[in-house]
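Observations on the model geometry
As a plain string of letters, each chain reads:
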Amino acid sequence: MNVKKCRICSSRLPAPFLSLGSMPAPNRFPAKEELKNNEPGYPLSVSVCSDCWLVQLQKVVPPQIMFKNYVYIPSTSTTMQAHFKKMSRTVTKKFNLKKQDLVLDIGSNDGTLLTFFKEQGLRVLGVDPASNLSLVARLKGIDTIEGFFNSNLAEKITKQFGHPKIITATNVLAHVSGLHDFVEGIKILIKKNGCFIAQFPYLVDLLEKTQFDTIYHEHLSYFSLKPLIRLLDSHNLKIFDAQKEEVHGGSLTVYISNKNSPYSVGPGVKELVRREDLKKLGEIKTYDDFARRAKKIKSDLVNFLVKLKKNGKRIAGYGAAAKGNVLLSFCHLDNKTIDYIVDSISFKQGRFTPGTHIPIYPESFLEKDMPDYTLLLAWNFAGEILKKQINYISKGGKFIFAHPNLIIT
Ligand code: JHZ
């Protein structure tokens, strides 16, 4: 599907400021016997609305293709486990939640975040379109509705479960095409003093650290505060607090309520908006400069890897992440340059990367095989991964970081 108008303000979208080429959906890992099958490629290019400055994709891959059987499983990372545990405690304390208060998590995945809320005696309910993950959540005792969240489902939830005190959505808002209907659904769910907590990768970090590989088909929007405030304002909602987070290369957590709620807009929100203006997020030159930096990182990385291969060096990859697949496709790095990728998720092991067809092995293979260099594709987990691979490094293995510029550990 082709979206010609801005998802927030409906202005006609200008031509993309960066095209990353055509590539398959980033989280579809073919098995060996599927490699000969035709793999549909979808153009990946990103535009910025010259009216409300929402950065967004114009081509939408059908959500069923991307999310019905989903392989992003945050519980496989100790970093994300710790992050969600802390988030549940912070929210419970900040809103003085009482036992049996209802917490609804949209995009509840395998129930990791809700499990931490449930441990505190709260009533929990998940919504997620992935049948594989909803089953895992239910087996963990987390009541989960399988489906995409929208205003119709919001009506059904309030009728069956009542109004949640807290609604969370972590790494979900960026994936939603129909933003206005999604927000209408939030409006139906929260009453006067309810709160919607959205957490998403922050555009300021994406631009500052040139994280072009986080631009992929799942992420339809790349949020900064100003366009999000405009979206919420049109539904009589406000952001009353905002916190920067380390996860996923830099994220933002925003606290949203009805405009007439008792929560007053804090200084943090105004300060972040001021900083966005300082970063010139409302000028097209900012995005053209970003595109230029992304292309420079690509050529530096490719030239370095070509040189390594010419010198007979062996190169592996670490983390079969969606962002890794974007980097590989954008840089045209396939199994002729990258011998294999190691990854902790068992579903991915034994499969191949989409489009580039690089085999994926368990993490333990790295220290056994000792390739000279390893390209860190899941850089958002650098700390956790380098600690895990201390033996590989001490035996002379080297990690390659592609951005914000080429770094070899
Ligand atoms: P992962 C995710 O993107 C998912 P992705 C999502 N698209 C989103 O919005 C962004 O984050 C923000 C592996 N790994 O899931 C596991 C190891 O091998 O963080 C994963 O396959 N060893 C919703 O998919 C991959 O790395 C480890 O020790 O780009 C990480 O991918 C750890 C910790 C992870 O990124």
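As a starting point, this report considers the structure included with it. Sequence order as written defines the numbering, with residues in each chain counted from 1. pLDDT decides what is reported in this predicted model: residues at 70 or higher carry local features, side-chain atom pairs at 80 or more are listed and counted, and totals for whole chains, interfaces and linings draw on all residues regardless. As a convention, hydrogens and water are excluded, and side-chain values are obtained from all of the structure's heavy atoms.

**So, the site of the ligand**
This is how the line gets drawn: The near set for a molecule or strand comprises every residue that places at least one heavy atom within 4 Å of it. Polar contacts here mean pairs of N or O atoms no more than 3.5 Å apart (in protein, one a potential hydrogen donor and the other a potential acceptor; neighbouring residues in sequence count only if both atoms are side-chain atoms). Here the accessible surface of atoms and residues is derived via Shrake-Rupley with a 1.4 Å probe, and residues count as covered only by protein chains that are part of the display. Lining residues are defined by having an atom within 4 Å of a point belonging to a cavity or pocket. Those points lie on a 1 Å grid over the protein atoms alone, cavities being sets where a 1.4 Å probe fits but cannot get out and pockets being open sets with protein on both sides within 12 Å along at least five of seven lines. Think of it this way: a molecule belongs to a cavity or pocket when more than half its atoms come within 2 Å of the grid points there. Strands here mean DSSP runs of E at least two residues long; helices mean DSSP runs of H or I at least four residues long; both are numbered from the N terminus. Gly counts as polar in this scheme, as do all residues outside two lists: the nonpolar Ala, Val, Leu, Ile, Met, Phe, Trp, Tyr, Cys and Pro, and the charged Asp, Glu, Lys and Arg.
For the ligand, the set of nearby residues contains 27 residues, the closest of which are D343, S344, K348, E363 and K388. Separating an oxygen atom of the ligand from a side-chain N or O atom of K348 is a distance of 2.7 Å. Compared with its free state, where it exposes 720 Å², the ligand has 97% of that area covered by protein. With respect to the pocket detection grid, the ligand is positioned in the largest cavity. When residues of the shell around the ligand are assigned to their parent elements, the largest contribution, 3 residues, is made by helix α13 (residues 382-388). Across the shell around the ligand, the residue classes tally to 12 nonpolar, 8 polar and 7 charged.

**What to know about empty space enclosed by the protein**
To find leftover empty space, one rolls a probe the size of a water molecule over the atoms. Selection rule: Grid points are joined across faces, edges and corners, and a volume is the space filled by probe spheres set on the points.
Throughout the structure, instances matching the rule amount to 3 cavities of 30 Å³ or more. Size it by volume and the largest cavity reaches roughly 590 Å³. Together, 34 residues line the largest cavity, and Y72, A321, K323, N380 and F381 are the ones closest to its centre. When contributions to the lining of the largest cavity are tallied by element, the ones reaching two or more residues are α11 (322-330) and α13. Of the residues in the lining of the largest cavity, the class split is 16 nonpolar, 11 polar and 7 charged. Lining the second largest cavity, in full, are A174, F200, P201, L206, T214, H219, S221, Y222 and F223. Within the residue set of the lining of the second largest cavity, elements represented by two or more residues are β8 (195-201) and β9 (221-222).

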